[in-house]
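# Topology and contacts: notes
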Amino acid sequence: MNFNGKVVIVTGSSSGIGAAIAIKFAEQGAKVAIVGRNENKLKDVAKKCNNPLIIVADVTKDDGVKKIINETVKRFGKIDVLINNAGMGWFTSIKEENALEAYNAVMATNLHAVVHLTHLAVPHIIKTKGNIVNISSIAGISVSFKGGFPYHMSKAALDHFTRSIASELASSGVRVNSVNPGPVKTDIIENMGTTKQEEEATWDLMKKMTALKRISDGEEIADLVSFLASDLARGITGSIFVSDNGALVNSNF
Ligand SMILES: NC(=O)c1ccc[n+]([C@@H]2O[C@H](COP(=O)([O-])OP(=O)(O)OC[C@H]3O[C@@H](n4cnc5c(N)ncnc54)[C@H](OP(=O)(O)O)[C@@H]3O)[C@@H](O)[C@H]2O)c1
């Protein structure tokens, strides 16, 4: 894939899948804006992204979202591709006291922030006839995790956001797709506040629940994202791409 001269924003690129996506686009010639709250981690990722724009911003904050768009356009003059990847999980039960707190936090990051950032990016992406890829999850398609109602809901709504705006933006020459990974080895479980032991047990369990008995790495998700953002996928919009090692085939998650 060749992204020479293209400007790509990747949210949540300080670690995991987002970092792999940002590195992939940079390797393919893109000018990359990397976004997260942890500046030190962003600086580490930047070393592999060929002089990217580093944007320290919280995607749930109005000023954070505006900063992402303004700084990108100021530095590079345009936006070709937006990768909405920043996301988090908070697992609890509807019976627990913190159910609403978890719901609000997950929806703010996984859904509201995506809608807000996309809204501000779309005028720029229409000008370049670019495209958008949303990083969803198999959790948006199946009820994958116990205590995961906010996460499941946020990703299901994200998939419908993809379909809705794909049909709206098609006449402007803009494509929109979702990638829905199964388990991918990243910091996501550790970031939920689990112990090392709980984290390892969760990865083990998820591995056993895939048909291929494997966990993906960020790079294979990045390959799919880069394909969808490229001209090779010029006929594809409003589509949901599952990359889950067969978790849905063997779907007793
Ligand atoms: N790993 C999996 O098994 C898996 C499976 C399916 C889907 N996904 C999805 O893939 C995406 C990436 O997750 P990951 O697994 O790579 O997890 P991760 O390693 O925890 O990365 C999450 C990224 O999101 C950023 N982020 C979170 N909240 C943010 C906020 N308020 N403002 C700005 N950035 C924020 C984090 O950056 P900072 O900490 O620097 O802010 C980090 O770069 C998520 O949307 C997740 O739902 C993951």
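Placed above this text is the structure.
Report on the accompanying structure. No experiment lies behind these values; they were computed from the predicted model shown. (Residues numbered from 1 in each chain as written. Predicted model: local features only at pLDDT ≥ 70, side-chain atom pairs only at ≥ 80, totals over all residues. Heavy atoms only, no water.)

Turning next to helix H5 (residues 149-169). With 21 residues, H5 ought to run about 30 Å at 1.5 Å a step, and its terminal C-alpha atoms sit 30 Å apart, in line with that. Of the positions making up H5, those classed as buried are Pro150, Tyr151, His152, Ser154, Lys155, Leu158, Asp159, Phe161, Thr162, Ile165, Ala166 and Leu169. Buried residues in H5 make contact with helix H4 (99-128), strand S5 (131-135), strand S6 (175-181) and strand S7 (240-243). (Helix = DSSP H or I, 4+ residues; strand = E, 2+ residues; numbered from the N terminus. Expected span 1.5 Å × (residues − 1). Buried < 20%, exposed > 50% of the residue type's maximum accessible area, 1.4 Å probe, protein only. Contact = heavy atoms within 4.5 Å.)

With that settled, consider the pattern of salt bridges. Summed over the entire model, instances satisfying the criterion amount to nine salt bridges. Taking the shortest distance from any N to any O, the salt bridge between Lys43 and Glu39 comes out at 3.7 Å. Residue Lys43 and its partner Glu39 are located together in helix H2 (residues 39-46), separated by four residues, close to a single helical turn. Taking relative accessible area as the criterion, Glu39 reaches 40% and is therefore assigned partly exposed. (Salt bridge = Lys/Arg side-chain N within 4 Å of Asp/Glu carboxyl O.)

Attention shifts here to unusual backbone geometry. At Lys129, a position not held by glycine, the phi torsion is positive, near 50°. Positionally, Lys129 belongs in the loop between H4 and S5. Its relative accessible area of 57% is what places Lys129 among the exposed residues. A positive phi angle, near 55°, is found at Lys213, a position not held by glycine.

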